[in-house]
Structure formats: C-alpha cells, structure tokens
Amino acid sequence: MSDVITVDRSEPQPATMPVPGASTRPRLLSGWVRRALLLGAVLLIPLLWWALGYIGAYTDDAFLTSDLVAVTPEISGPIASVAVSDNQWVRRGTVLFTIDSEPFQLRLQQALKAEAQAQAQLPVDRAQLAALGAQQQSAAAAAALAHADRGRAEALANANAIALQALDEARAADAEGDAQQHTAAANAHKAAETLKLDAAALAVAQAARRLAQWRLSRTRVVAPVDGRITHLVLQPGDMATTTTPAIGIVDGQAWHVVANYKEYYLRHLPPGHIAWVWLDTQPWRLYRARIQGIAHGISRHAGGDMLVPYVSPTVDWIRLERRIPVRLTLEHAPDNEQLFMGADARVLVLY
C-alpha cells in the first residue's frame, strides 16, 4: 500500500514574536511631538488673536436696530376702532386707529356758528360807522355856519347894528355847533373802534373754527413712516391721551448696526470705512457696511442722561474695558421681512 502525501496549502503566518534588538524610541518621539504640537497650538491661538488686533477690529458686542417711532395721538379721547394688527407692515399715511369724533364734530359746529355770528356783525358795524360819519360831516358844516354867524354878529355888534341879545345867541349857537361836532366825531371814532373789535372777534372765531377742524382731522391717526407695527396692545375702548404713545412702529428705512468697540480700536475706525457684518438671523452670510460715525458721548451711569447711550462695562461680574458705540449702515441689507430690531450681530473691520 502506497503512502499518501498531504500538502499544506495554507499561507504562512507572520511571526508574532518581537525581533531581538528592536528599539521602541520612534514611538516615544511621536508622543513628544504630539505634546509639542498641542502646546504650540495653545500658544499660537492667543498670539494670532493679539496679531489680529493690528490688522482688524472684531467685536461680537453688536446688534441690529432701527428707529422706533412712538405714535402718540395729538388729541385725547376714547378709541373708536383699530385698523391694524400686530406685526403688520404699514405705509406712511396708513390709518392706524380712530378716536371717537362726535365731541369734535360738535365743537366744530359750535365754532362755525360763532364765526357766522361774528361775520354777520361786521356789516352792521360798517353801516353804523357810515351813518355816524355822515352825522360828523353834518355837525362840522353846522359848526362852520354857526362860527360864521358869530363872526357877522360880532361885527354888527361893534357897529351897534344889532342888539347884544342877538350877539349872545350867535355865540351860543357857535358853541353848540362845536359841541355837536365833537360829539359826532367821538361817536364816529367809537364806531370805528367797534368795527375793529368785531373784526378781531371774527379772526378769533375763524381761528377757533380752524382749530376745531384740525382736532377733528386728528381723530384719524396715521402712520408717520413706512415700517412694521410692534407689540400692539391698543384696543377699541381704550383712552388715547396726548402724553402716552399708543402704537410703536419700527422704521423700515432706518436700519443700522450698533457695534460697541473698545476704546483703543476707535482710532482705526474713520467714518466711511468699510466693515463686514454677520447677522445671527442670517447665518453664513456677510453683509458689506460702512461706518457712519462714532458716538462722541456715553453715560457713565445706568439710568443717567437718556440723550447719550449707556454701555455696561461689566458682564457676569467681570469688569470689561470701556466700549464706545460705533454706528454702521448696511449697503445691501436683506429684505425687511428678515430684519429684526435688537438681533445680535458681529462686525469685522479690516484696517
């Protein structure tokens, strides 16, 4: 019987035993290299941040804003109707709400009647002035005649041509004529002054009528700018007053970015310089902007003078460097539908 030869066709397995004399030093060097690279990266990050301050100014303490127009009625009265809704876009001249107009219509009717009465009095005054003027002329003519008669009587009396009684009568007639002339002149002057007084009363009545018309026209309160209604709480039946804003409108034509920069950056931020803005509401998009100007006054105390802005120098109990607001105007702003007042922004200005 012949022998059977079995051939092992399996691939040879690599040796797993370490080669005598092999060194582990390359593995130790790779560990030190990783540590050195990590340390270098840690040191490089603040170095790059420090170097960035010499080529550009970056801040994330910025926000998008616009002018908030506080619509305050010019007259007081109960709200009759509200013609807009919250967050609605309105055009300039759009009716926002109306105030009950009945009291103002009654005042206008009263003013119209007072004006008509004052207007009707003027023709009467003019007629009376004309009549008294005619009387003044008649009294002047009578006084002149009496004066002439007195002169003739005195001449005749000197010639003993008339009795002394006739001279006395001529003198009395002359004096009476002068008195009547003065009385007529006084009456004519009084009538002229009455005419002026009634004319002034007519002017007052006309002014009162115009004021009543103006007040009636202000019962319809319209939007002063193009913009969007915000936080509408006004309801029919509320009392509108001239001291309390009734509706707020975010001006759709006054969007801008306010970036609070540290003081040492300001010398590199001249008006007109280009800036790049990132809006958190529009991620992954950069918008070109220009520096409109730098605020030349800030309040050092919260709740101080409201005519200058206040920038808090502390964040979570950490004292920060003083920051000054810089205003930027977007050159190609997104549509108003995608702009939100108070939204965060980030600004980069390259020197």
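Please refer to the structure higher up on the page.
Residues numbered from 1 in each chain as written. Predicted model: local features only at pLDDT ≥ 70, side-chain atom pairs only at ≥ 80, totals over all residues. Heavy atoms only, no water.

Q: Where do I start with the overall build of the chain in this structure?
A: Secondary structure summary: the chain contains three helices and 16 strands in total. Looking at the chain as a whole, 28% of its 351 residues qualify as buried. Accessible surface computed for the chain: about 23,600 Å², of which carbon and sulfur atoms make up 59%. (Helix = DSSP H or I, 4+ residues; strand = E, 2+ residues; numbered from the N terminus. Buried < 20%, exposed > 50% of the residue type's maximum accessible area, 1.4 Å probe, protein only. Areas by Shrake-Rupley, 256 points an atom, 1.4 Å probe, with all protein chains shown as cover.)

Q: Got a minute to help me understand the sheet that holds strand β9 (residues 247–251) in this structure?
A: Note: strands within a sheet are paired through backbone hydrogen bonds, in either parallel or antiparallel orientation. Reading across the sheet, the four strands line up as β2-β9-β7-β4 and stay open at both edges, with antiparallel pairing between neighbours. Of all strands in the sheet, those with a lone pairing partner are β2 (68–71) and β4 (89–90), marking the two edges. Pairing geometry for β4 and strand β7 (residues 227–230), over two bridges, is antiparallel. Paired with V90 across the strands is G227, a residue of β7. (Pairing = 2+ DSSP bridges.)

Q: Explanation requested: the packing of helix α2 (residues 102–158) against helix α3 (residues 164–217) in the structure shown.
A: When two helices pack together, their arrangement is given by the angle between their axes and by how far apart the axes lie. Their axes nearest at 6 Å, the elements α2 and α3 cross at an angle of 165°. Taken together, α2 and α3 sit at an angle that is classed as roughly antiparallel. For α2 against α3, the interelement crossing comes out left-handed. Of the residues in the contact of α2 with α3, the class split is 31 nonpolar, 13 polar and 13 charged. (Axes fitted to C-alpha atoms, helices over the stretch in contact; angles between N-to-C directions. Parallel < 35°, antiparallel > 145°, perpendicular 65-115°, else oblique. Left-handed = near helix turned anticlockwise from the far one by under 90°. Nonpolar A, V, L, I, M, F, W, Y, C, P; charged D, E, K, R; others polar.)

Q: How should the packing of aromatic side chains be read in this particular structure?
A: Each aromatic ring pair is described using two quantities: the centre-to-centre distance and the angle formed by the ring planes. Applying the stated criterion across every chain, the model contains three aromatic pairs. Each ring, one from Y261 and one from Y265, has its centre 5.9 Å from the other, and the planes form 80°; the classification is edge-to-face. By the burial criterion, Y261 is buried, and Y265 matches it. Taking 4.5 Å as the distance between ring centres and 45° as the angle between the ring planes, the aromatic pair formed by Y264 and Y265 counts as tilted. A relative accessible area of 38% places Y264 in the partly exposed class. Here a set of aromatic residues connected by ring pairs shows up, and it is made of Y261, Y264 and Y265. Above the plane of the ring of F104 lies R107, whose end atom (NZ or CZ) is 5.3 Å from the centre. (Phe/Tyr/Trp six-rings, centres within 6.5 Å; stacked < 30°, edge-to-face > 60°. Lys NZ or Arg CZ within 6 Å of the ring centre and 35° of its normal.)

Fair warning: the whole summary comes from geometry, so function is off the table for now.
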